[in-house]
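# Structure assessment
Read off the chains here:
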Amino acid sequence: MAPHRGQRFDAGDDPAGPADVLGRAWHRLGSAHGGGHDDDHPVNSAGRVPAKAAGKGRHPGRLRGTVMSVEHRETLGESARWGALARPTPQWFQDAPLGIFVHWGPYSVPAWAEDHGELGVEDDWEAWFTHNSYAEWYFNTIRIPGSPAARRHKDLYGAAPYDAFLDAWDPDAWDPSEWMRLFRRAGACYAVLTTKHHDGVTLWDAPETGTRNTVRRGPRIDLVAGFADAARAQGLRVGLYYSGGLDWHYRPARPILSEDDCKDLCRPKDADYARYCFVHVRDLIDRYAPDVVWNDIDWPDEGKNFGPYGLGTLFEYFYAARPEGVTNDRYGGVHADYLTSEYQHMGDSETSGKPWENCRGVGLSFGYNRAEGDHQYLSGAGAVRHLVDVVSRGGRLLLNVGPKADGTIPREQRECLEGLGEWNDLYGPELLGVRPVSAESARAVRAVSASGSDEAWVRLLGHSDHVAVVADASVSQVSGLPSGFAYSRSAVLTPGAACSWDGQSLTLQAGEQPPSDARGEALPLVITAPRV
């Protein structure tokens, strides 16, 4: 039988095969532009679903009077207005070592991509896009002739269009409050949801999307409202991702096969698309009051101005509405509150001296990829190492989970976050108020494992009154530590562990049963030494 509320869709679950399942969902619910069950949510005269039908957390128009006055705007030239957007980093963001990213969309139904390594490792962009590790890029990858994803799609789903996955998407097991409890336990201070990825499907009833959103088709839920309400209930700041750079539905283009395609040749730049994006993001601000607006790829060039639908005007609107709000750097260089890197790509952002954030998935993909397993997923201990490394260098980590279509977080991803939670319960305060030690001092530190390896993992978290030495449980000795700290008075925070100082190096003992993650891998140890 075709998927419906209360039945989870998973490729291969239906005895008739995934192609028939998608086909029946497609024909039952109508074409990509509507049809079927439109009366489930009555629309008003403006063609919008009322807030009552679409969910809580909606605040239409409440901030429209807060934009910079016309008189003040007219006294500033455009360059001065861009400059006026710069401001100090809000304290909450400075104090946020970890955020959780969530990629969830129609791509979570097929949920498939190859293992082609981390972004930034492959030098051949055509090979990267053809064998893309990102499951959320499924709509692009299946349109590349001869790609493994295209062949698999044809074998499993026949000629079913991508939008059939929107209709088959049924998050019947979604519990946003449970997500947020897990994120909070992991140590997250903010959570970011993809409201529109490059496929153009919106997770709220966005203006001008007709029925191509999750309120009118598929889930039949305002997913953004549920996410934002649950996050705030757990004390988390709310971030909303929006792809201003690409929209393969509103502005169709040939498949992307190169970096130039992505950044230039296949990227929409026109004024109408800029207006469309402006209206969407302003609607997100009005309804959900985000603390973070996380744009991706770029912004349409003809909207990079202070016109009625200009990006600069949108920033002014956002900051007036959310004085402690922040936005990232993916606007083609016109403005940023902080810079971003992604896996091993855009690493220059991490050494610029400006606030920065590294984003990556628990696995190699952001969207859920059913082909991934323990080999691709970070363990709890691995996630701790990555988080500590980022924070030790002055950054913050935006770690992504990709839920399944039914709204559950895959076991391996959950175990990763639970491992972070175990470590955070013991040492979470050590990630706050970090003052990075100099790069020279960090390079001088050496760790030796019990087996004799001199490439064991260790990082330093500098603070105003102490330094925290974070080391793998396998480390037996740490030398080359920076001066200015009383290592002879070191305190071991790890239960059952011990350390001693011989004047030159710290000798560590993890103990018989150090805290471990779900895979049995010991979590990194923490030793602190006061400043002298």
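Residues numbered from 1 in each chain as written. Predicted model: local features only at pLDDT ≥ 70, side-chain atom pairs only at ≥ 80, totals over all residues. Heavy atoms only, no water.

## Section: the packing of helix H10 (residues 176-186) against helix H16 (residues 411-427)
Just so we agree on the cut-off: Orientation is described by axes fitted as lines to C-alpha atoms, over the contacting stretch for helices, and by angles from 0 to 180 degrees between their N-to-C directions. Comment: elements are numbered from the N terminus, with helices defined as DSSP H or I runs of at least four residues and strands as E runs of at least two. Angle categories are assigned with fixed cut-offs, so that under 35 degrees is roughly parallel, over 145 is roughly antiparallel, 65 to 115 is roughly perpendicular, and the rest are oblique. Residue contacts are defined here by distance: any two heavy atoms, one from each residue, within 4.5 Å place the two residues in contact. The nonpolar class holds Ala, Val, Leu, Ile, Met, Phe, Trp, Tyr, Cys and Pro. Asp, Glu, Lys and Arg form the charged class, and all remaining residues, Gly among them, are polar.
Contact geometry for H10 and H16: axes closest at 7 Å, N-to-C directions at 45°. Taken together, H10 and H16 sit at an angle that is classed as oblique. Contact with H10, carried on its side by Glu178, Leu182, Phe183, Arg185 and Ala186, involves Arg414, Leu417, Glu418, Leu420, Gly421, Glu422, Asn424 and Asp425 of H16 and no other residues of that element. When its residues are assigned to classes, the contact of H10 with H16 shows five nonpolar, two polar and six charged.

## So, unusual backbone geometry
Our working definition: Only protein chains enter the accessibility calculation, which uses a 1.4 Å probe; a residue is then buried when its area is under 20% of its type maximum, exposed when over 50%, and partly exposed in between.
Here arginine 220, not a glycine, exhibits a phi torsion of approximately 60°, which is positive. Residue class for arginine 220 comes out buried when judged on its relative accessible area of 17%. With phi around 50°, tyrosine 343 is a residue other than glycine that occupies positive phi space. Tracing the sequence through the fold places tyrosine 343 in the loop between strand S6 (339-342) and strand S7 (356-361). Given a relative accessible area of 7%, tyrosine 343 falls into the buried group.

## A word on the environment of glutamine 344
Quick note on the threshold: Throughout this description, a polar contact denotes any pair of N or O atoms lying within 3.5 Å of each other; where both atoms belong to protein, one of them has to be capable of donating a hydrogen while the other can accept it, and for residues adjacent in sequence the pair is counted only when both atoms sit in side chains.
Looking at the secondary structure, you find glutamine 344 in the loop between S6 and S7. Residue glutamine 344 is classed as exposed on the basis of its relative accessible area of 52%. Between the alpha carbons of glutamine 344 and asparagine 358 there is a distance of 9.0 Å; along the sequence they are 14 residues apart. If we skip the residues at most four places from it in the chain, glutamine 344 touches Glu118, Leu119, Gly120 and Val121. Among the polar contacts made by the side chain of glutamine 344, one reaches the side chain of glutamate 118 at a distance of 3.0 Å.

## Points about the packing of aromatic side chains
So the rule is basically this: Note on aromatic contacts: the rings of Phe and Tyr and the six-membered ring of Trp form a pair at centre separations within 6.5 Å, being stacked when their planes are under 30 degrees apart, edge-to-face when over 60 apart, and tilted otherwise. In this scheme, Lys NZ or Arg CZ marks a charge over a ring once it lies within 6 Å of the ring centre and within 35 degrees of the ring normal.
Tallied over the full model, the rule gives 38 aromatic pairs. On the numbers, 5.5 Å between centres and 85° between planes, the contact of tryptophan 128 with tyrosine 134 is edge-to-face. An identical accessibility class is assigned to tryptophan 128 and tyrosine 134; each is buried. Put simply, the rings of Trp125, Phe129, Trp137, Tyr138, Phe139, Tyr157, Tyr162, Phe165 and Trp248 pair up and form one aromatic cluster. Directly above the ring of phenylalanine 93 sits arginine 396, whose terminal nitrogen or CZ lies 4.3 Å from the centroid.

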